[in-house]
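Residue-level structure breakdown
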Amino acid sequence: ITMTSDQFLSPGTVLAESWKVLTPMQNHWNTISGLGILWYAGPFVMYLISLLASTVAFFLISLHVLTAVTTYKLIGLFSYPLLALGILPATSFIAKSCLDGVIACAVRLGVLALVCSIILPLIQRLGLPEGMTPDFWSALSTAAGANLLAILSWKAPAYAQELFAGRIATAAGDLLADEV
C-alpha cells in the first residue's frame, strides 16, 4: 500500500487509518461494563492507557503533517516577493535566506512524506483483525508502536532539515532535544 500525494496532503488519512487500528480495542472496551469493570480492573486500565496513548500518538502524526504542509506553503508564499531583493548586492542575503528556508522546508516535507508512506502500512499491520479480542500484550504493543511511529515522524524530518540547513546536531542530547 502506497500513499498518494492527495492522501499525504490530507492529514486525516493517517488519523482515519489509526481509527481502523484502534477499533478492536474500542469494541472490547464497550463490552466491559457494570461490575465487570471491577473484575477486569487491570486490563481495563491497560486498555484505557493504550487507547489514549495510541490516539494521542496518531493525532500528533496528523498534526505534524498539517503543520509541515502549512509551513511549507506559507514560507513559499511569503518568500516569493522577497526574491526580488536578490538583485541588489546589499539585500541579496534576504533572497538567499528565503531560498534556503524554502529548500529546507521542502527537504523536511519530503522526508515527512517518506516517513508517512512507510508509516501507513505499519499502522495497518499494528491493528488486530476485526474479530479478535485484544489482550494485554497486543494493546501494549499497539501503544508502543504508535508512539515510536510518532517519534519517528516528528524527529526524522526535523533532523533532515537541520542537516540541510547546516545546523548539525552533534550530541545525542541534541537529537532528543525539543524543536524550537
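Remember, predicted model here, so these are calculated numbers, not experimental data.

As a further point, take empty space enclosed by the protein. Inspection of every chain in the model, using the stated rule, returns one cavity of 30 Å³ or more. For the largest cavity, the calculated volume is near 40 Å³. Those elements giving two or more residues to the lining of the largest cavity turn out to be α4 (41–79) and α5 (92–126).

It is characteristic of soluble globular proteins that their nonpolar side chains tend to be buried jointly. One finds F8, I61 and I123 to be the most contacted residues of the largest nonpolar core, which totals 25 residues. Secondary structure elements with two or more residues in this core: α2 (12–31), α4, α5 and α6 (136–165). The element best represented in this core is α4, accounting for eight residues. Those residues in contact with I61 that lie beyond four places of it in its chain are V14, I119, L149, A150 and S153.

With respect to the helices and strands, the residue L149 is situated in helix α6. Classification of L149 as buried rests on a relative accessible area of 9%. When the C-alpha positions of L149 and I123 are compared, they lie 8.6 Å apart, and in sequence the two are 26 residues distant.

Moving on, we get to the pattern of salt bridges. Inspection of every chain in the model, using the stated rule, returns one salt bridge. Two residues, K96 and D100, come together in a salt bridge whose shortest N-O distance is 2.9 Å. Linking K96 with D100, this pair stays in helix α5, spanning four residues, or about one helical turn.

The subject of this paragraph is a nonpolar patch on the surface. On the surface, V56, F59, L60, L63 and L66 cluster together into a nonpolar patch covering about 420 Å² of accessible area. Secondary-structure assignment places L66 in helix α4. In this structure L66 comes out as partly exposed when scored by relative accessible area, which is 42%.

So, about the side chain of S79. Secondary-structure assignment places S79 in helix α4. Here S79 falls in the buried class, since its relative accessible area comes to 9%. If we ignore the near neighbours within four places in the chain, the residues touching S79 are C98 and V102.

Calculation criteria
Residues numbered from 1 in each chain as written. Predicted model: local features only at pLDDT ≥ 70, side-chain atom pairs only at ≥ 80, totals over all residues. Heavy atoms only, no water. 1 Å grid on protein atoms, 1.4 Å probe; cavity = no way out; pocket = protein on both sides within 12 Å on 5 of 7 lines; lining within 4 Å. Points joined across faces, edges and corners; volume = space filled by probe spheres on them. Helix = DSSP H or I, 4+ residues; strand = E, 2+ residues; numbered from the N terminus. Core = buried A, V, L, I, M, F, W, Y, C linked by side-chain atoms within 4.5 Å. Buried < 20%, exposed > 50% of the residue type's maximum accessible area, 1.4 Å probe, protein only. Contact = heavy atoms within 4.5 Å. Salt bridge = Lys/Arg side-chain N within 4 Å of Asp/Glu carboxyl O. Patch = residues over 30% accessible without salt bridge, like charges linked within 9 Å, V, L, I, M, F, W, Y side chains within 5 Å. Areas by Shrake-Rupley, 256 points an atom, 1.4 Å probe, with all protein chains shown as cover.

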